[in-house]
Amino acid sequence: MKGIILAGGSGTRLYPLTMVTSKQLLPIYDKPMIYYPMSALMNAGIRDILIISTPADTPRFQDLLGDGHQFGVNLQYAIQPSPDGLAQAFIIGEEFIGDEPVAMVLGDNIFAGHGLKKRLQAAVENAETGKGATVFGYYVDDPERFGIVEFDHDGKAISIEEKPEHPKSNYCVTGLYFYDNRVVEYAKNLKPSARGELEITDLNRIYLEDNSLNVELLGQGFTWLDTGTHESLVDATNFIKTVEQHQHRKIACLEEIAYLNGWISKEEVLKVYEVLKKNQYGQYLKDVLDGKYQEHLY
């Protein structure tokens, strides 16, 4: 399965922070924001990843992440000339996707929770075995800002509506999507919405009407953060800091994920440690290598 991180947009809601850098390169506690969505794909077992960004920001991501070998993944880059909708990513990435299923995560989304890895891997298996698409639902207090799912009495998704005036539930679709290969053709046949964008909600609706959309709810014990405002940036940093300090485990430590997945060697992690050993991130990597943590990451 292939993976896409959509890290475009101009970040105007975060001005002046984003006047000289990409939103997805801003720090969330001790890591650049893009580490968090990238960790979701890596925890799903996805190693071929396309990062789509703006003409100005793409070189900055290349400077940070390179070809991905230090994380045991293969990174490629593509440019989104203008932000014409989330579904446009599958048209831009058509050649990269080829004939494989594909997952996409938005570059400003953070997912955390015990058992998340199993759910991600189940979504991969769903797409790879021809069972369609998987999206993740999350309870929000302000549903009019999101794509909202309506459920029947049996908990089955029956409609999806983008930014509804009268929401039919409080469950929104988060920025993490798993699709079979049909998604490329579906995206190419989409008509732009009233705001001139190729909407991901329209794409999900195609799968819903085909009875092949699995809406997996992230309930108690899971956290989803969408870091698009100054307030949410602070909330995300505080959340990551609190969880990491209390649980003594890092969220989205890409070297750790790659090492535990068997994608990079102990020697490769040690090289990173030598560069970072003066801070707590580097010390954490040393603790991982020393076997200090016995439990597996789920």
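Presented here is a report on the structure given in the accompanying data block. (Residues numbered from 1 in each chain as written. Predicted model: local features only at pLDDT ≥ 70, side-chain atom pairs only at ≥ 80, totals over all residues. Heavy atoms only, no water.)

The next subject is the overall build of the protein chain. Counting its secondary structure elements, the protein chain contains 11 helices and 13 strands. Over its C-alpha atoms the protein chain spans a radius of gyration of 19 Å, differing by no more than 12% from the 19 Å that the globule rule assigns to 298 residues. In terms of overall dimensions, the protein chain has a C-alpha envelope of 50 × 40 × 40 Å along the principal axes. Here the protein chain holds 298 residues, and 51% of them are scored as buried. In the protein chain, 74% of the contacts between residues at least 6 apart in sequence involve partners at least 24 apart. In the form shown here, the protein chain has an accessible surface area of approximately 14000 Å², with 49% of it arising from carbon and sulfur atoms. (Helix = DSSP H or I, 4+ residues; strand = E, 2+ residues; numbered from the N terminus. Rg over C-alpha atoms; globule rule 2.2 N^0.38 Å. Buried < 20%, exposed > 50% of the residue type's maximum accessible area, 1.4 Å probe, protein only. Contact = heavy atoms within 4.5 Å. Areas by Shrake-Rupley, 256 points an atom, 1.4 Å probe, with all protein chains shown as cover.)

Put simply, the largest pocket is a space of about 960 Å³. The wall of the largest pocket is formed by 38 residues, among which Arg13, Lys23, Leu86, Leu106 and Asp108 lie closest to the centre. Taken together, the elements giving at least two residues each to the lining of the largest pocket come down to strand E10 (157-162), strand E11 (171-179), helix H7 (200-209) and strand E13 (222-226). Top element by residues in the lining of the largest pocket is E11. It accounts for four residues. When its residues are assigned to classes, the lining of the largest pocket shows 11 nonpolar, 16 polar and 11 charged. (1 Å grid on protein atoms, 1.4 Å probe; cavity = no way out; pocket = protein on both sides within 12 Å on 5 of 7 lines; lining within 4 Å. Points joined across faces, edges and corners; volume = space filled by probe spheres on them. Nonpolar A, V, L, I, M, F, W, Y, C, P; charged D, E, K, R; others polar.)

This paragraph deals with the environment of Tyr281. Inspection of the secondary structure puts Tyr281 in helix H11 (residues 280-289). Residues Tyr281 and Thr58, 223 residues apart in the sequence, show an inter-C-alpha distance of 25 Å. When neighbours within four sequence positions are excluded, Tyr281 is seen to be in contact with Asp30, Lys31, Tyr35, Lys250, Cys253, Leu254, Glu255 and Leu276. A polar side-chain atom of Tyr281 sits 2.6 Å from a polar atom in the side chain of Glu255. (Polar contact = N/O pair within 3.5 Å; in protein donor to acceptor, adjacent residues only side chain to side chain.)

Now for a nonpolar patch on the surface. Among the surface-exposed residues, Tyr15, Met19 and Val20 lie close enough to one another that they form a single nonpolar patch of about 350 Å² accessible area. Its location among the elements puts Tyr15 in the loop between strand E1 (2-6) and strand E2 (27-28). Of the residues examined, Tyr15 reaches a relative accessible area of 40% and is grouped as partly exposed. (Patch = residues over 30% accessible without salt bridge, like charges linked within 9 Å, V, L, I, M, F, W, Y side chains within 5 Å. Salt bridge = Lys/Arg side-chain N within 4 Å of Asp/Glu carboxyl O.)

Here we take up the pairing of strand E7 (residues 109-113). Buried residues dominate E7, accounting for four of its five residues. In this structure, E7 lies alongside E13, joined through five bridges in antiparallel fashion. Across the sheet, Phe111 pairs through a bridge with Trp224, a residue of E13. (Pairing = 2+ DSSP bridges.)

A separate point is the packing of aromatic side chains. Scanning the model with the defined rule gives 11 aromatic pairs in all. Taking 5.8 Å as the distance between ring centres and 65 degrees as the angle between the ring planes, the aromatic pair formed by Phe146 and Trp224 counts as edge-to-face. Of this pair, Phe146 sits in the loop between strand E8 (133-139) and strand E9 (147-151) while Trp224 is found in strand E13, placing the two residues 78 residues apart along the sequence. Classification of Phe146 by relative accessible area gives buried; the value is 10%. The buried category is assigned to Trp224, whose relative accessible area is 9%. Residues Tyr177 and Tyr179 carry aromatic rings whose centres are separated by 6.3 Å and whose planes lie at 10 degrees to one another, so their mutual orientation is stacked. Residue class for Tyr177 comes out buried when judged on its relative accessible area of 3%. The ring of Tyr284 is capped by Lys250, whose NZ or CZ atom sits 5.8 Å from the centre of that ring. The positively charged end of Lys286 is found above the aromatic ring belonging to Tyr273, 6.0 Å away from the centroid. (Phe/Tyr/Trp six-rings, centres within 6.5 Å; stacked < 30°, edge-to-face > 60°. Lys NZ or Arg CZ within 6 Å of the ring centre and 35° of its normal.)

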